[in-house]
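Architecture and fold: a report
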Protein chains: 2
Amino acid sequence: MGNQIYVVGIGPGNESMMTAEALQVLEQSEVIVGYTVYLELLGERFTDKECLSTPMRQEEKRCRICFEKAREGKRVALICSGDAGIYGLASLMLELGKEYPDCEVAVVPGITAASSGAAVLGAPLNHDFCVISLSDLLTPWERIEKRLVAAAEGDFAMAIYNPASRKRADYLERACNILMEHGVEPERACGYVENIGREGTCAATCTIQELVHAKVNMFTTVFIGNSQSEIIGGKLVTKRGYRI
Amino acid sequence: MGNQIYVVGIGPGNESMMTAEALQVLEQSEVIVGYTVYLELLGERFTDKECLSTPMRQEEKRCRICFEKAREGKRVALICSGDAGIYGLASLMLELGKEYPDCEVAVVPGITAASSGAAVLGAPLNHDFCVISLSDLLTPWERIEKRLVAAAEGDFAMAIYNPASRKRADYLERACNILMEHGVEPERACGYVENIGREGTCAATCTIQELVHAKVNMFTTVFIGNSQSEIIGGKLVTKRGYRI
């Protein structure tokens, strides 16, 4: 067995939402690698470790640092927000691992925003669901559009990640319009949560028609109900079953 | 505010995969309600609590016990395996809550099998994905079939819950055939994990053609890659992005 590297999902940011397993892996690491914002989320707890970061979009470099440190014999953890294997760096690490046959990559799961955001809103994903990112940085928009159409046609509940950024201000509006053109009625029950598990958490429920004009940013996760979803007592609820 | 009830996702079963928040809620509860198997998974730790269970399919009764105990002034936690809001009892509790306006229901998220199983296999859900249950106990099969078709047409990675039971021995085979009839090539990279986070965890990767004959049961979670997924060094990997 080679030098072990752990790719660790730290959940939404609040330490109480990390698993004991993730916390233990970080405690036993000598080097913690991550995007600066995520290292800051960990707070004071791990300042005795060697903490290394690279800016956004330098993910490959961040991964290679892990392999190089592991080859020096260090115990290395690479942190990702949410779940390491859901839009995180687990897959890039496993791909690059081919070049570092003396290293082993293990994935430690965490609470992804689909789970943590859903809990804040109620139970929007309590039946079959899709998770779709609107970021077209690594995915052509046509493919995202195709997925939205399929999600609408399959009557899935949905969690939408990366609904907007400064450069993509109108992407959520575009997505809502595509869904409505493919069978999602304007009154469909929806909701969104900002800063899940961090300071300033705020959540709202609305219809998809209202969602078009919602103020969202890169810290927002959006939820779209299926045709059976309802807002009950201010909570967004997708039922477990269908009354046949 | 009224009597607070927590619906708690305990993750796959191993205490190290619960969040600190979930553990704290259980420690502060006086009554823990859950399906017998999940209560047993918690082990010795909470035997000082009043532990109440109902058999399978008596979920509504289980929920009502929570409301009744909360009305007695007890601190109540209802436990669900995985995430409380993903095929768990969060939505039923929020629906029934209309009848108990003096009670408040809060959801505490947990690691669902899509996350924990993916980590065992590698990174099969590292791009847009669907979660679909093959159980037709509460959902007509036609709707499940429609979702499978949509998932194939949208080129989603997939996590399949409840792939089989004694009465539904051939459901995974049926699902694989539907996917292959709708564009999933027979060589599509897949995998499955049994007893995630419990004794006797076992995992395998295969093609969807091989998956048709895989031995699965109600403790298995199945993963189907998207068109870009690969098996790399024995791990099932869905890439973060598409090389455009």
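From a predicted model like this one, the values you see are computed outputs, not experimental measurements.

1. Observations concerning the overall build of chain A
Across its full length, chain A holds 8 helices and 13 strands. By the compact-globule yardstick of 18 Å for 244 residues, chain A fits well, its C-alpha radius of gyration being 19 Å. The principal-axis extent of the C-alpha atoms belonging to chain A is close to 55 × 40 × 35 Å. Taking all 244 residues of chain A together, 59% fall into the buried category. A separation of at least 24 residues holds for 69% of the contacts in chain A among residues at least 6 apart in sequence. On chain A, roughly 9800 Å² of surface is accessible, and the fraction owed to carbon and sulfur atoms is 47%. Both charge centroids of chain A, one from 25 positive and one from 32 negative side chains, sit 1 Å from each other.

2. Quick look at the packing of aromatic side chains
Think of a pair of aromatic rings as described by two things: how far the centres are apart, and how the planes are tilted against each other in angle. Tallied over the full model, the rule gives 8 aromatic pairs over all chains. Plain terms: the ring middles of A:Tyr35 and A:Tyr38 are 5.3 Å apart, the flat faces sit at 80 degrees to each other, and that makes the pair edge-to-face. Since its relative accessible area comes to 18%, A:Tyr35 is described here as buried. Here B:Phe67 and B:Tyr100 contribute two aromatic rings whose centre-to-centre distance is 4.2 Å and whose plane-to-plane angle is 5 degrees, an arrangement assigned as stacked. Here B:Phe67 is found in helix α3 (residues 59–71), whereas its partner B:Tyr100 is found in the loop between α4 (90–96) and β5 (103–108), with 33 residues between them in sequence. Accessibility assignment for this pair places B:Phe67 and B:Tyr100 in one class, buried. Here the basic side chain of A:Arg174 rests over the ring of A:Tyr171, its NZ or CZ set 4.5 Å away from the ring centre. Between B:Arg174 and the ring centre of B:Trp141, over which it is positioned, the NZ or CZ distance is 4.4 Å.

3. Details of the environment of A:Leu52
Residue and element names in this part refer to chain A. Relative to the helices and strands, Leu52 resides in strand β3 (residues 50–52). The class for Leu52 is partly exposed, based on a relative accessible area of 22%. Sequence spacing of Leu52 and Ile111 is 59 residues, and the spatial spacing of their C-alpha atoms is 23 Å.

4. Considering the confidence of the model for chain A
Here chain A averages 94 in pLDDT, and 98% of its residues register 70 or above. Interface predicted TM-score (ipTM) for the complex: 0.96; the corresponding pTM is 0.97.

5. With respect to the nonpolar core
Formed by 62 residues in total, the largest nonpolar core has its most connected members in A:Leu211 and B:Leu211. Excluding anything up to four places from it in sequence, B:Leu211 contacts B:Leu172, B:Cys176, B:Cys190, B:Tyr192, B:Cys206, B:Val222 and B:Ile224. Grouped together as the second largest cluster of nonpolar side chains are 32 residues, A:Ile86, A:Phe129, A:Tyr161 and B:Ile196 included.

6. Considering the sheet that holds strand β12 (residues 230–232) of chain B
All names here are of chain B. Reading across the sheet, the 3 strands line up as β6-β13-β12 and stay open at both edges, with mixed pairing between neighbours. Edge positions in the sheet fall to β6 (122–123) and β12, since each has one partner strand and no second. Note that β6 and strand β13 (residues 235–237) share 2 bridges and pair parallel. Note that in β13 the partner of Ala123 across the bridge is Val237.

7. Quick word on the relation of the copies chain B and chain A
Both copies of the chain are tied together by a single rotation about an axis and a shift running along it. In the superposition of chain B on chain A (RMSD 0.0 Å, axial shift 0.0 Å), the rotation amounts to 180 degrees. Seen this way, the second copy is the image of the first under a two-fold rotation axis. When the interface residues of chain B are mapped onto chain A, 100% of them again lie at the interface, so the same face is used by both copies.

8. Brief notes about the pattern of salt bridges
Scanning the entire structure with this criterion turns up 28 salt bridges over all chains. Between B:Asp155 and A:Arg147 there is a salt bridge, with the nearest N and O atoms lying 3.9 Å from each other. Residue B:Asp155 is located in the loop between α6 (141–153) and β8 (157–161), and its partner A:Arg147 is located in helix α6 (residues 141–153); the two belong to separate chains. We classify B:Asp155 as buried; its relative accessible area is 8%. Residue classification places A:Arg147 among the buried residues on the basis of a relative accessible area of 0%.

9. Brief notes about the interface of chain B and chain A
Listed as interface residues are 61 residues of chain B and, on the opposing side, 61 residues of chain A. With both sides pooled, the region where chain B packs onto chain A buries about 5400 Å², and carbon together with sulfur makes up 59% of that total. Area buried by chain B at its contact with chain A is led by B:Asp128, B:Arg147 and B:Arg240, which between them contribute 13% of it. Viewed at the interface, chain A and chain B are joined by 6 salt bridges. B:Arg147 serves as the salt-bridge partner of A:Asp128, at 2.7 Å between the closest nitrogen and oxygen. If you list the elements that add at least two residues to the side of chain B that touches chain A, you get α1 (20–27), α4, α5 (113–121), β6, β7 (129–133), α6 and β13 of chain B. Split into classes, the residues belonging to the side of chain B that touches chain A amount to 28 nonpolar, 18 polar and 15 charged.

10. Thoughts on a nonpolar patch on the surface
All names here are of chain A. Taken together, Met56, Met218 and Phe219 make up a surface patch of nonpolar side chains, about 290 Å² in accessible area. Examined against the element boundaries, Phe219 turns out to sit in the loop between α8 (208–211) and β11 (220–224). According to the relative accessible area criterion, Phe219 is partly exposed, its value standing at 41%.

11. Section: the packing of α6(B) against helix α7 (residues 171–181) of chain B
Residue and element names in this part refer to chain B. Their axes nearest at 9 Å, the elements α6 and α7 cross at an angle of 45 degrees. Between α6 and α7, the crossing angle belongs to the class labelled oblique. Considering the relative orientation of α6 and α7, their crossing is right-handed. Where α6 approaches α7, its residues Trp141, Glu145, Leu148, Val149 and Ala152 are matched on the opposing element by Tyr171, Arg174, Ala175, Ile178 and Leu179. When the residues that make up the contact of α6 with α7 are grouped by side-chain class, the tally is 8 nonpolar, no polar and 2 charged.

The rules behind these values
Residues numbered from 1 in each chain as written. Chains lettered and ligands numbered in written order. Predicted model: local features only at pLDDT ≥ 70, side-chain atom pairs only at ≥ 80, totals over all residues. Heavy atoms only, no water. Helix = DSSP H or I, 4+ residues; strand = E, 2+ residues; numbered from the N terminus. Rg over C-alpha atoms; globule rule 2.2 N^0.38 Å. Buried < 20%, exposed > 50% of the residue type's maximum accessible area, 1.4 Å probe, protein only. Contact = heavy atoms within 4.5 Å. Areas by Shrake-Rupley, 256 points an atom, 1.4 Å probe, with all protein chains shown as cover. Lys, Arg positive; Asp, Glu negative; His and termini not counted. Charge placed at Lys NZ, Arg CZ, Asp CG, Glu CD. Phe/Tyr/Trp six-rings, centres within 6.5 Å; stacked < 30°, edge-to-face > 60°. Lys NZ or Arg CZ within 6 Å of the ring centre and 35° of its normal. pLDDT = per-residue confidence, 0-100. Core = buried A, V, L, I, M, F, W, Y, C linked by side-chain atoms within 4.5 Å. Pairing = 2+ DSSP bridges. Least-squares fit on C-alpha atoms with pLDDT ≥ 70 in both. Salt bridge = Lys/Arg side-chain N within 4 Å of Asp/Glu carboxyl O. Buried area = accessible area lost by both parts, 1.4 Å probe. Nonpolar A, V, L, I, M, F, W, Y, C, P; charged D, E, K, R; others polar. Patch = residues over 30% accessible without salt bridge, like charges linked within 9 Å, V, L, I, M, F, W, Y side chains within 5 Å. Axes fitted to C-alpha atoms, helices over the stretch in contact; angles between N-to-C directions. Parallel < 35°, antiparallel > 145°, perpendicular 65-115°, else oblique. Left-handed = near helix turned anticlockwise from the far one by under 90°.

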